[in-house]
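# Architecture and fold: a report
So the chains spell out like this:
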Amino acid sequence: MIGFETDLQDLRDSAGALQGAADAAESASNGLRGTDVPLSSGGGGFFGGLTGMFPADNAFGRTLGMPAVAAAYNDHLAKIQKLVAQLHQTTADTSHALMRVAELYEKADEDSKQHVNRAAAGLEGN
């Protein structure tokens, strides 16, 4: 490119690689869905119903009585889901930005070439 020390194909390749990373982050984000641990089987009514009085049936065991562990797991899972979603969004945004930079560089390069060609032909005045 005239006036730039950047190869347009490098920009496009980087944008493509980042888009691949964004797609992977999106897949990871989607894979995290449904991995929460139910704290109880429901309830309602007076003081949360009778189910609130019995141990929760979850991945940490029905009889282990570990609702605080299940709650901490769900809290961390929610934070991880948010971070992975942010990773997906920022990576996709960066990929799109690099593609736009490549387009702008390409246009600027074409404009410069036309300017040089017209100047060389003596058709452009100062």
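For the structure itself, look to the data block above.
We now turn to the structure provided with this report. (Residues numbered from 1 in each chain as written. Predicted model: local features only at pLDDT ≥ 70, side-chain atom pairs only at ≥ 80, totals over all residues. Heavy atoms only, no water.)

### Some words on the side chain of T91
Relative to the helices and strands, T91 resides in helix α2 (residues 67-120). Setting aside its immediate chain neighbours within four residues, T91 contacts L18, A21 and A22. (Helix = DSSP H or I, 4+ residues; strand = E, 2+ residues; numbered from the N terminus. Contact = heavy atoms within 4.5 Å.)

### Structural notes on helix α1 (residues 8-32)
When the terminal C-alpha atoms of α1 are compared, their 36 Å separation across 25 residues agrees well with the 36 Å that a helix rising 1.5 Å per residue should span. Along α1, the positions that sit buried rather than exposed are L8, L11, A15, A22, A25, S29 and L32. Against α2 lie the buried residues of α1. Just downstream of α1, G34 is the residue with a positive phi angle, here 80°. (Expected span 1.5 Å × (residues − 1). Buried < 20%, exposed > 50% of the residue type's maximum accessible area, 1.4 Å probe, protein only.)

### With respect to α2
Taking 1.5 Å of rise per residue, 54 residues should cover 80 Å, and α2 covers 79 Å from first to last C-alpha, within 8% of that figure. Burial in α2 covers these residues: A70, N74, L77, V84, H88, T91, A92, S95, A102 and D109. Downstream of α2 by one or two residues, G122 has phi in the positive range, about 75°.

### Things to note about the pattern of salt bridges
All chains considered together, the criterion is met by five salt bridges. A salt bridge links E106 to R12; the nearest nitrogen and oxygen atoms lie 3.0 Å apart. Within this pair, whereas E106 is found in helix α2, its partner R12 is found in helix α1, the two being separated by 94 residues in sequence. Taking the relative accessible area as the measure of exposure, R12 reaches 26% and is therefore partly exposed. (Salt bridge = Lys/Arg side-chain N within 4 Å of Asp/Glu carboxyl O.)

### Some words on the environment of L32
Along the polypeptide, L32 turns up in helix α1. Between the alpha carbons of L32 and A78 there is a distance of 9.2 Å; along the sequence they are 46 residues apart. If sequence neighbours within four positions are ignored, L32 has contacts with L77, I80, Q81 and V84.

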